[in-house]
Each structure stands twice: as C-alpha cells, then as structure tokens.
Amino acid sequence: MQSIYILVGTLLACHGLYLFIKRRIRARNLPPKYWTIDPFMNFDWIFSTALNANMQLTLFRKYGHTYRLSKLTDPMATIITCHPENAYTILVGQDWGVEFRKAGMGQMLGSGFICTDGSEWKRSRKMIRPAFNRPNIDNFDVLEGVADKIIADIQTSDGKVEMGSLMYNALMHSSMQFILGLDSTGSNDGRPMDVQTFNKLWQEGLLGMGIRLLLGEGFSRTFLPKARYQDVCNRIHGFIDFAIDEREKKGLDSTKKTKTMAEIVTPQAKDRADARSQLAQTMLASQDTTGVLTCNVIHILSSHPNVWAQLRKEVSSAGPELLTWEGLRSNTTIQNILFETLRLRPVFPQTGRFAVRDTVLPSGGGPNHDQPLPVPAGTFAISNSWGVHVSKEIYGPDADEWKPSRWNKFKPGSKEFLAFGAGPRSCLGKDKALAEAAYLLARLVKRFESLESRTPEWKPDASFSMKNKKGYRITFKV
Ligand code: HEM
C-alpha cells in the first residue's frame with residue numbers, strides 16, 4: 001500500500017515539474033512581465049497607469065515596447081504594447097474585438113458602434129456616418145456662440161478662469177445641438193430636465209458605467225447597488241427619447257443645410273432603443289474630446305509665449321476667411337500646433353481590444369522579444385499610441401520636445417500617428433474636432449494678447465480622456 005502512495009506522489013511531482021518547466025520555457029518566449037500585486041484582476045496596474053498616466057511611458061522605458069501582465073492561471077492575460085506594428089495591428093486587425101465592453105456599457109448606452117463587432121458594428125457605423133459628411137460639419141454657426149460665451153466668461157472673470165470646466169460646459173451646448181438637435185439654452189419646450197441636470201446625471205452614469213466595465217458583469221450584478229444606477233440610466237434615456245420624439249414631431253426640413261444626428265439616425269434605426277443607443281454612444285465618443293484637445297493646446301502655449309505671439313500676428317493680419325473651414329484647415333501654424341499637441345498629449349493614450357480568436361502580433365515574441373508573438377484567443381491587448389508618438393526611431397532624438405514645426409517636413413505613416421485610431425474603426429469625428437479646436441484657438445488668440453498658466457505642471461490623469469490632474473487654471477491678458 002505504501003509503495004502505491006510513493007508511486008502516486010512521484011507521478012504527481014513529475015507532472016508538476018513538467019508543467020513548471022513547460023511554463024518556464026513558454027515564458028522565455030513571452031514579453032517581459034510586469035509583476036502586479038493583485039494576481040486576479042491586475043487592479044494595481046490599472047489604477048496606477050490611469051491616475052498617473054506618465055507611468056505608461058515609464059514602464060515602456062523599463063520593459064521595452066511590449067510587456068505583459070499575468071493572472072493566476074494565465075501567464076499572458078494582458079499585453080501592453082507601443083511597438084508601432086503591434087499597436088496598429090491591434091487597432092485594425094479582424095482578430096481583435098470590443099464586444100467585451102457591452103456588459104459594462106449596455107445598461108446605459110445600449111448596443112452601438114462602441115461595443116459591437118462584425119456586421120452589427122458595420123450597420124451602426126454606416127448609420128451615423130452621414131452626420132460627419134463635410135456639408136454637415138462645415139458650419140460654425142453654433143460654435144461661434146460657444147466661442148463668444150467662452151470669451152465673455154473669461155472677460156467677466158478678469159481673465160482668470162478654469163479652462164477645463166469652461167470649455168466642457170460650453171462645448172456641451174454644441175454637442176447637444178449636433179447630436180440631439182436640442183438648443184441647450186431652451187428649457188420650456190417640455191424636455192424632462194434642463195441641460196445642467198442632464199449633464200450631472202450623465203457624469204454620474206459614466207462613473208457607474210466605468211465601475212461596471214472594470215469589475216465585470218457578474219461581480220457588478222451581484223455586489224453593486226442597482227436601483228440608483230437604473231434610475232440614472234432611465235432618466236438619461238428619457239432625455240434622449242425626448243429629442244427623438246421632437247425630431248419625429250417636426251419631421252424633416254429638406255431646406256436645412258445641415259442635419260442633426262437624431263435626424264439622420266432615427267429614420268434608419270430598427271426601433272427606438274436602437275436610435276437611442278447610437279445617439280448615446282456618439283455622445284460618449286465626443287465627450288470631452290475637442291475640449292480636452294483645446295485645453296491641452298492652451299496649456300502648452302502658456303509655456304511657449306513666442307508661439308502664441310507668432311500665431312496672434314498671423315491671425316490678426318488674416319481676413320475673415322481664416323475663420324472658415326478651408327481657412328482653418330489650410331493654416332499650417334494652427335494645424336501643426338494641434339497635431340504636435342495630439343502627438344505628445346493624445347486625448348486617448350491607449351485603447352483596449354480582446355483577441356476573438358488565436359492570432360499573432362508582429363513583434364514581442366522569442367527570446368529577444370523581436371519575433372512574432374503568438375496570442376491565444378481571450379487575451380486582452382492594449383495598443384498604446386502615446387508610446388508610439390514619443391518613439392525616437394520615428395520622431396527623432398527630439399521626440400520628447402513640443403515642436404510644431406516638425407510637421408512642416410514630417411509626414412507620419414498610418415502606423416506612426418494614432419491619435420484618432422487607425423483603420424476601419426478610426427475616428428469619424430476627426431475633421432469636425434480638428435476644425436472646431438482650430439476655430440476656438442483662433443478666436444482666443446485673436447482676442448487675447450498673452451496667457452499664463454496657474455497650473456503649469458503637466459500631471460496627466462487618463463481615467464477617461466488624458467487631461468491635467470491639476471486642471472487648467474489660466475490667466476488671459478488683453
Ligand atoms: C480631439 C478629438 C478626438 C479624438 C482625439 C478622438 C479619438 C478617437 C479614437 C482614438 C477613436 C478610435 C477608437 C478605437 O479604435 O476603439 C475614435 C473613434 C470614434 N470617434 Fe473620435 N475622437 C475625437 C473626437 C470625436 C468627436 C467630436 C466625435 C463625434 C462628434 C467622435 C466620434 C467618433 C466615432 C463615431 C468613432 C468611431 C468608433 C467606431 O467606429 O468604432 N470623435 N475617436
């Protein structure tokens with residue numbers, strides 16, 4: 001009997017040793033490992049790289065262009081990469097999907113282009129696409145009012161403002177108009193709540209959604225309180241439904257030069273919930289993007305007074321045609337400033353995807369981590385565009401410096417500049433956002449002689465879009 005125990009024990013020990021050696025051999029061909037404190041969800045990595053976004057770059061300096069996180073039973077649960085080929089492949093490849101987002105997002109945002117793959121995503125994207133056609137976005141009527149309001153608010157506060165909240169609130173007006181077709185200043189038209197209340201609920205909803213995305217569906221359903229979140233989602237839905245009802249009541253005005261997204265989406269949608277989802281998901285995609293880009297530009301310019309002065313000279317001597325679509329898009333000084341800022345401070349520094357089938361990334365495997373890397377289905381991968389943007393191999397030895405003039409000569413390839421994503425899922429709002437940021441910048445430069453930041457340090461927080469943790473306290477001088 002005793003010898004049977006010894007035999008079974010020996011067999012188990014041999015099997016354990018075999019698994020250990022097999023894992024060690026496999027690990028030799030995997031990218032370097034970042035050891036997380038939490039081996040179940042890797043929360044310590046998630047929180048520290050979101051709240052102190054600079055850490056994203058620090059870790060690439062330490063581990064190289066591609067590294068991994070492991071979980072208890074999975075030695076490569078997550079891949080994080082800024083290798084341009086890898087970062088691009090993850091964004092454009094058919095083997096990578098986003099449907100994992102639906103579990104956390106669905107209750108608030110339904111099912112739309114942000115959280116679907118394949119034919120469902122194609123249908124959603126096709127539905128919203130006409131809203132971004134040039135005739136529909138080449139219109140600064142609403143933005144003119146937004147810029148007037150921002151400038152007036154700066155003047156009434158003696159030039160001292162918190163640019164982040166000022167920009168966010170002002171741009172919420174144009175976004176509301178573009179997506180829902182609601183004039184955010186009107187409050188007596190029967191809408192369920194005013195825009196400020198909606199805005200507060202939207203923020204609360206986003207927080208609830210973020211927590212659910214992070215914790216996963218099962219955990220959230222079991223442990224998180226449900227009633228309040230459900231109520232917030234219902235009220236947000238009610239507000240968007242009001243916009244859809246208004247659109248249906250008014251019908252389509254064929255003489256209008258532009259159409260709102262509600263006007264474009266509603267007739268094509270399968271039903272009410274479908275229309276609502278596409279509108280809500282566009283609100284999320286556009287949330288805090290143009291505003292954050294413009295704030296980052298202003299913040300950087302506050303420490304480059306010579307560039308502000310040069311731009312002011314140019315803008316002041318230009319005729320009214322500068323403030324048109326063509327005028328702004330063909331002004332190289334403004335465009336260079338926007339692109340250089342998006343390079344060093346991308347609004348979304350990283351994007352996650354799930355491998356929907358076994359696949360291969362171009363680099364990161366082999367003993368020197370420069371061979372193709374086989375990736376099993378179910379692996380999570382993070383494409384870090386920020387790391388690509390500061391690569392000295394691509395942008396030269398001065399890659400860390402903010403130098404708008406580099407864009408006079410440098411024309412990046414599709415894998416080298418990823419601020420708006422890449423491939424079939426790339427940003428539909430790119431032209432609109434660039435034109436709007438250029439317009440706001442030109443108006444501010446024209447009005448104010450100089451500016452100074454009272455929060456000059458750049459401490460990025462990337463919990464959603466990447467912005468300065470200390471805010472954007474700016475003093476403008478006439
Ligand atoms: C500076 C401003 C902006 C930046 C940096 C930006 C960035 C991005 C990025 C990186 C993606 C790709 C996401 C992915 O690969 O999963 C994306 C997609 C998208 N963005 Fe933007 N965005 C901006 C402004 C906007 C605005 C203002 C709108 C709408 C009004 C918008 C609508 C969209 C849409 C519809 C998609 C397509 C998603 C898909 O097909 O899956 N974006 N954006």
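So, a few notes on the structure that sits alongside this text. (Residues numbered from 1 in each chain as written. Predicted model: local features only at pLDDT ≥ 70, side-chain atom pairs only at ≥ 80, totals over all residues.)

## Section: the overall build of the protein
How we decide: The numbering of helices and of strands both runs from the N terminus, where a helix is a DSSP run of H or I of at least 4 residues and a strand a run of E of at least 2. All radius of gyration figures rest on C-alpha atoms, and the globule criterion is 2.2 Å times the number of residues raised to 0.38. Counting other C-beta atoms within 10 Å of a residue's C-beta gives its exposure: the residue is buried at 20 or more, exposed at 12 or fewer, and partly exposed in between, where C-beta atoms are placed from the backbone.
Each helix and strand counted, the protein has 22 helices and 13 strands in total. Its C-alpha radius of gyration of 25 Å places the protein within 12% of the 23 Å reference for a compact globule of 478 residues. Taken along its principal axes, the extent of the C-alpha atoms in the protein is 95 × 55 × 35 Å. Counting only residues that meet the buried cut, the protein has 38% of its 478 residues in that class.

## Some words on the site of the ligand
Inclusion rule: Nearness is defined per residue: the C-beta atom, placed using the backbone, must lie within 6 Å of the molecule or strand. Under the scheme applied, nonpolar residues are Ala, Val, Leu, Ile, Met, Phe, Trp, Tyr, Cys and Pro; charged residues are Asp, Glu, Lys and Arg; polar residues are all the others, including Gly.
Lining the immediate environment of the ligand, one finds 24 residues, of which Ser286, Thr289, Gly421, Cys427 and Gly429 sit closest. Elements that contribute at least two residues to the shell around the ligand include exactly helix 6 (118-128), helix 14 (272-286), helix 15 (290-301) and helix 22 (430-447). The biggest single contributor to the shell around the ligand is helix 14, with three residues. For the shell around the ligand, the residue count by class is 13 nonpolar, eight polar and three charged.

## A closer look at the sheet that holds strand 4 (residues 96-97)
We apply this condition: Here the rule is simple: two strands pair whenever DSSP picks up at least two bridges between them. Note on contacts: residues are paired as contacts if their backbone-placed C-beta atoms lie within 7 Å. Fitted lines through C-alpha atoms give the axes, limited to the stretch in contact for helices. The angle between two N-to-C directions lies from 0 to 180 degrees.
Strand order in the open sheet made by the six strands is 1-2-3-9-6-4, with mixed pairing throughout. Lying at the two open borders of the sheet, with one neighbouring strand each, are strand 1 (33-34) and strand 4. Pairing of strand 4 with strand 6 (residues 350-355) involves two bridges; the strand directions are antiparallel. Residue pairing in the sheet places Trp96 in a bridge with Ala355 of strand 6. Across the sheet, helix 4 (residues 84-92) touches strand 2 (66-71), strand 3 (74-81), strand 4, strand 6 and strand 9 (380-384), and the angle it forms with strand 9 is around 120 degrees.

## What to know about the nonpolar core
Defined as follows: By convention in this section, buried Ala, Val, Leu, Ile, Met, Phe, Trp, Tyr and Cys residues joined through C-beta atoms within 7 Å make up a nonpolar core.
Met261, Leu279, Leu338, Ala437, Ala438, Leu441 and Ala442 are the most contacted members of the largest nonpolar core, which totals 105 residues. Here Met261 is in contact with Ile128, Ala131, Phe178, Ile179, Leu279 and Thr282, once residues within four sequence places are set aside.

## With respect to the sheet that holds strand 13 (residues 473-477)
Two modes of strand pairing occur in sheets, parallel and antiparallel, and in both the strands are linked by backbone hydrogen bonds. If you walk across this open sheet you meet the three strands as 5-13-10, and the pairing is antiparallel. In the strand order of this sheet, the two ends are held by strand 5 (160-162) and strand 10 (450-453), each with one partner. On average, each strand axis in the sheet is tilted by 30 degrees relative to the strand beside it, whichever way the strands run. Of the pairings in the sheet, the one linking strand 5 to strand 13 comprises three bridges and is antiparallel in character. Paired with Glu162 across the two strands is Arg473, which belongs to strand 13. Sheet strands in contact with helix 9 (residues 163-180) are strand 5 and strand 13, and its direction is about 65 degrees off that of strand 5.

As far as function goes, none of this settles anything; it's purely spatial.
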